Amino acid sequence: MTIATTQAKKPRVTERKFRGVTMPTAGHKVIRKVKREGHEPSIHGTKLWRSSFLIMDYLHKHPPESVSNVLDAGCGWGITGIWCARKFGASVVSLDADPAVFPYLNAVAELNKVTTTPMVQRFEKLKKSQLAAFDLLVAADVCFWDELVKPVSKLIDRAIDAGVGQIVIADPERPTFHEMAEKVINRHGGDLIHWGLKGKLKATGALLVINNQ
Ligand SMILES: C[S@@+](CC[C@H](N)C(=O)[O-])C[C@H]1O[C@@H](n2cnc3c(N)ncnc32)[C@H](O)[C@@H]1O
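Being a predicted model, the structure only gives us computed values, none of them experimental.

Visitor: Describe the layout of surface pockets, with residues and values.
Guide: Empty space among the atoms becomes apparent when a probe as large as a water molecule is rolled across them. Taken as a whole, the largest pocket encloses approximately 550 Å³ of empty space. A breakdown of the residues in the lining of the largest pocket according to their chemical character gives 14 nonpolar, 8 polar and 9 charged. Estimates place the volume of the second largest pocket at around 170 Å³. Every residue along the wall of the second largest pocket is listed here: Pro64, Glu65, Ser66, Val67, Asp135, Leu136, Gly165, Gln166, Asn211 and Gln213. Of the residues assigned to the lining of the second largest pocket, the class counts are 3 nonpolar, 5 polar and 2 charged.

Visitor: Before we move on, can you summarise the pattern of salt bridges with the specific residues and values?
Guide: One pass over the structure, following the stated rule, counts 8 salt bridges. With a shortest N-O distance of 2.7 Å, Asp57 and Arg19 are connected by a salt bridge. Of the two residues, Asp57 is situated in helix H2 (residues 51–61) and Arg19 in the loop between strand S1 (15–18) and strand S2 (21–24); the sequence distance between them amounts to 38 residues. Judged by its relative accessible area of 34%, Arg19 is partly exposed. Each of Arg19, Asp57 and Lys61 takes part in salt bridges that share partners, so that together they form one network.

Visitor: Talk me through unusual backbone geometry; I want residue IDs and the actual numbers.
Guide: Of note, Arg19 is a non-glycine position whose phi angle comes to about 50°, a positive value. Although it is not a glycine, Asp141 adopts a positive phi angle of roughly 55°. Following the sequence through the fold, Asp141 ends up in the loop between strand S6 (136–140) and helix H6 (146–162).

Visitor: Before we move on, can you summarise the packing of aromatic side chains with the specific residues and values?
Guide: To describe a pair of aromatic rings, you give the distance between the ring centres and the angle between the ring planes. Going through the model one piece at a time under the given rule, you end up with 5 aromatic pairs. Judged by centre distance (6.2 Å) and plane angle (50°), the ring pair of Phe18 and Phe53 falls under tilted. With Phe18 in strand S1 and Phe53 in helix H2, this residue pair connects regions lying 35 residues apart in the sequence. Both residues of the pair, Phe18 and Phe53, count as buried. Seen from their ring centres, Trp77 and Tyr104 are 5.2 Å apart, and the 5° between their planes marks the pair as stacked. A residue pair is termed long-range when its members are at least 10 positions apart, and Trp77 in the loop between strand S3 (69–73) and helix H3 (79–88) and Tyr104 in helix H4 (residues 102–111) qualify at 27 residues.

Visitor: Give me the side chain of Asn112: which residues, what numbers.
Guide: With respect to the helices and strands, Asn112 occurs in the loop between H4 and strand S5 (117–120). Given a relative accessible area of 2%, Asn112 falls into the buried group. There is a polar contact of 2.7 Å between the side chain of Asn112 and the backbone nitrogen of Thr22. Sequence-distant contacts of Asn112, defined by excluding residues within four places in its chain, comprise Val21, Thr22, Ile79, Ile82 and Arg86.

Visitor: Got a sec to walk through a negative patch on the surface? Specific residues and values, please.
Guide: Taken together, the side chains of Asp146, Glu147, Glu179 and Glu182 make up a negatively charged region of the molecular surface. Elements supplying a minimum of two residues to the negative patch: H6 and helix H7 (175–188). Among the secondary structure elements, Glu147 is positioned in helix H6. Overall, the relative accessible area of 57% leaves Glu147 in the exposed class.

Visitor: Requested: an account of H2, with residues and values cited.
Guide: Most of H2 sits out of view: 9 of its 11 residues are buried. Those residues of H2 lying buried are Ser51, Ser52, Phe53, Leu54, Ile55, Met56, Asp57, Tyr58 and Leu59.

Calculation criteria
- Residues numbered from 1 in each chain as written.
- Predicted model: local features only at pLDDT ≥ 70, side-chain atom pairs only at ≥ 80, totals over all residues.
- Heavy atoms only, no water.
- 1 Å grid on protein atoms, 1.4 Å probe; cavity = no way out; pocket = protein on both sides within 12 Å on 5 of 7 lines; lining within 4 Å.
- Points joined across faces, edges and corners; volume = space filled by probe spheres on them.
- Nonpolar A, V, L, I, M, F, W, Y, C, P; charged D, E, K, R; others polar.
- Salt bridge = Lys/Arg side-chain N within 4 Å of Asp/Glu carboxyl O.
- Helix = DSSP H or I, 4+ residues; strand = E, 2+ residues; numbered from the N terminus.
- Buried < 20%, exposed > 50% of the residue type's maximum accessible area, 1.4 Å probe, protein only.
- Phe/Tyr/Trp six-rings, centres within 6.5 Å; stacked < 30°, edge-to-face > 60°.
- Polar contact = N/O pair within 3.5 Å; in protein donor to acceptor, adjacent residues only side chain to side chain.
- Contact = heavy atoms within 4.5 Å.
- Patch = residues over 30% accessible without salt bridge, like charges linked within 9 Å, V, L, I, M, F, W, Y side chains within 5 Å.
- Areas by Shrake-Rupley, 256 points an atom, 1.4 Å probe, with all protein chains shown as cover.
- Lys, Arg positive; Asp, Glu negative; His and termini not counted.
- Charge placed at Lys NZ, Arg CZ, Asp CG, Glu CD.

These figures capture arrangement, not role.
So this is what it looks like as structure tokens:
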């Protein structure tokens, strides 16, 4: 006699919770809706990249004394800035060169019941006078091409000159990130910290942290 068994189908995971925010996957209904509307990011702003989890975890464990104005540079779907808006009650500007990321960011922000201010701009074009408005600059996985080493390192130079109090850049440790980080640390100091998440949500990489108080 054979007994037929049917295995229960595992429900598809469409969101994860981390450090107080909800993070949808590409299969989440709010994300699928934005995709159906035809928005197609073209500079890799196509998901929530894991380096953003490293920044959230680091700032959760090392919260700045006070944070009012945050710039999330190369925001993509925007989770790092969204987390800062929730955690610190900060005003957040979410900046990206690719306008197609913002409908996704809005969907993620809505899920998390916060708003951030969108800014379509390239790192290269952001002026020192604009950077002076921020006390924290965060950027996750934004130095992934050779051509990005100079724009990202120059953005950090201008942020330091403008008096931005803290800068936290995360990366899965691409050679281009290390090249950029070395230039910045030689010019301004700062720490390169290896960081990893070991729970259900996995991520490893490095953080470039500059305290400019
Ligand atoms: C790998 S994604 C990371 C997105 C987000 N920070 C995250 O961790 O989920 C890189 C983002 O940087 C943006 N980007 C690339 N080059 C840029 C530039 N020169 N100026 C502004 N944004 C840029 C892309 O459009 C993309 O959204």
